[in-house]
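# Tertiary structure, described
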Amino acid sequence: MIIRDAVPGDWPQIWPFFSAIVAAGETYAYPEDLTPESARPLWMETAPAQTVVAVDEDGTVLGSAKFGPNRPGRGAHISTASFMVNPAAQGRGVGRALGAYALTWAREQGYHGMQFNAVVETNEAAVHLWQALGFQIIGTVPDAFRHPHHGLVGLHVMYQPLQ
């Protein structure tokens, strides 16, 4: 697996799993009526943020991540990140590799910490992975996410100091 900067030509491979994950409604609070054109700027970041892809030896996109400052101005010393793994590539360590890459990137950029603003509490695989990578749940907003199977569930705010 290689992790590299995403280029415009990667979007056609990202969009199918991006749209499937958003449509499932279990992990992201993106609008449900996104088109490839309206979703692209939501995922394909520009500087100072960055979007990357994890690809196999054939160039197939296995997953993608985006990261950058969590807030502008006085909050820009804390980074944030979002991750999506193609369901066909789950269980192959793609999410862990992207998470480790994002943390390394944030440290190299001089961020003081990394904060995830909205990790759905029922997304146990993600919560477990982020905790294994050193994140702590610092709070949970109750009933902040409308899950299609569990109803209203909490959103964890997770944090890891980087310095």
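So, here is what we can say about the structure in this document. Within each chain, residue numbers correspond to sequence positions counted from 1 in written order. Only residues with pLDDT of at least 70 are given local features in this predicted model, and only at 80 or more are side-chain atom pairs given and counted; all residues enter the totals for whole chains, interfaces and linings. Excluded from the side-chain calculation are hydrogens and water; included are all heavy atoms of the structure.

Moving on, we come to the overall build of the chain. Looking only at helices and strands, the chain has 4 helices and 7 strands in total. Each helix is a run of H or I in the DSSP string that is no shorter than four residues. Each strand is a run of E no shorter than two, and both are numbered from the N terminus. Tracing the chain from N to C terminus, the helices and strands come up as β-α-α-β-β-β-α-β-α-β-β. Restricting the calculation to C-alpha atoms gives the radius of gyration, and the globule rule supplies 2.2 Å times the number of residues raised to the power 0.38. For 163 residues, the compact-globule estimate of 2.2 N^0.38 gives 15 Å, and the C-alpha radius of gyration of the chain, at 15 Å, lies within 12% of that figure. Between buried and exposed lies partly exposed: a residue is buried under 20% and exposed over 50% of the maximum accessible area for its type, with that area taken using a 1.4 Å probe on protein chains only. For the chain, the proportion of its 163 residues judged to be buried stands at 45%. Contact between two residues is taken to exist if any of their heavy atoms lie within 4.5 Å; hydrogens are not considered. For the chain, the proportion of contacts with a sequence separation of at least 24, taken over those separated by at least 6, is 61%. Accessibility throughout is a Shrake-Rupley quantity obtained with a 1.4 Å probe, and a residue counts as covered only by protein chains that appear here. Carbon and sulfur atoms form 53% of the exposed surface of the chain, whose accessible area is close to 8,500 Å². Counted charges follow a simple rule, with Lys and Arg positive, Asp and Glu negative, and His plus the chain ends left uncounted. Where a charge sits is defined by one atom per residue type, namely NZ (Lys), CZ (Arg), CG (Asp) or CD (Glu). The centroid of the 9 positive side-chain charges in the chain is displaced by 8 Å from the centroid of its 14 negative side-chain charges.

This part takes up the packing of helix 3 (residues 94-108) against helix 4 (residues 124-132). Axis angles are defined between N-to-C directions and span 0 to 180 degrees, where every axis is a line fitted to C-alpha atoms and, for a helix, only to the segment in contact. Taken N-terminus to C-terminus, the directions of helix 3 and helix 4 make an angle of 45 degrees; their axes are 11 Å apart at the nearest point. Put simply, helix 3 runs oblique to helix 4. The handedness of the crossing between helix 3 and helix 4 is right-handed. Between helix 3, through Gly95, Arg96 and Gly99, and helix 4, the contact on the second element is made entirely by Leu129, Trp130 and Ala132. For classification purposes, an angle smaller than 35 degrees is called roughly parallel, one larger than 145 roughly antiparallel, one from 65 to 115 roughly perpendicular, and anything else oblique. Should the near helix be turned anticlockwise from the far one by less than a right angle, the crossing is left-handed, and should it be turned clockwise, the crossing is right-handed.

Turning next to the sheet that holds strand 3 (residues 61-69). We call two strands paired when DSSP finds no fewer than two bridges between them. Taking strand neighbours across the sheet as the criterion, the 7 strands line up as 1-2-3-4-5-7-6 in an open arrangement whose pairing is mixed. The open sheet has two free edges, formed respectively by strand 1 (2-5) and strand 6 (136-147), since each of these has just one partner strand. Each strand of the sheet is rotated relative to its neighbour by a mean of 25 degrees, with strand direction disregarded. With 8 bridges joining them, strand 6 and strand 7 (residues 151-161) adopt antiparallel strand pairing. Bridge pairing in strand 7 places Arg146 opposite Leu152. The sheet contacts of helix 2 (residues 36-43) involve strand 2 (50-55), strand 3 and strand 4 (78-85), and relative to strand 3 the element is tilted by about 55 degrees.

Let us now look at the pairing of strand 5 (residues 113-120). With 2 bridges joining them, strand 4 and strand 5 adopt parallel strand pairing. Looking at strand 5, one finds that Ser79 is bridged to Met114. Of the pairings in the sheet, the one linking strand 5 to strand 7 comprises 6 bridges and is antiparallel in character. Bridged to Val120 within strand 7 is Leu155.

Nonpolar core, defined: a set of buried Ala, Val, Leu, Ile, Met, Phe, Trp, Tyr and Cys residues in which side-chain atoms within 4.5 Å join the residues together. Of all hydrophobic cores here, the largest spans 27 residues; its most connected members are Phe83, Met114, Phe116 and Trp130. Elements that contribute at least two residues to this core include exactly strand 2, strand 3, strand 4, helix 3, strand 5 and helix 4. The residues touching Phe116, leaving out its near neighbours within four places in the chain, are Thr80, Ala81, Phe83, Trp130, Phe135, His156, Val157 and Met158. Core analysis: the next-biggest nonpolar cluster, separate from the first, contains 18 residues, Trp15, Phe18, Leu34 and Val55 among them.

The quantities given are spatial measurements derived from coordinates; they are silent on function.
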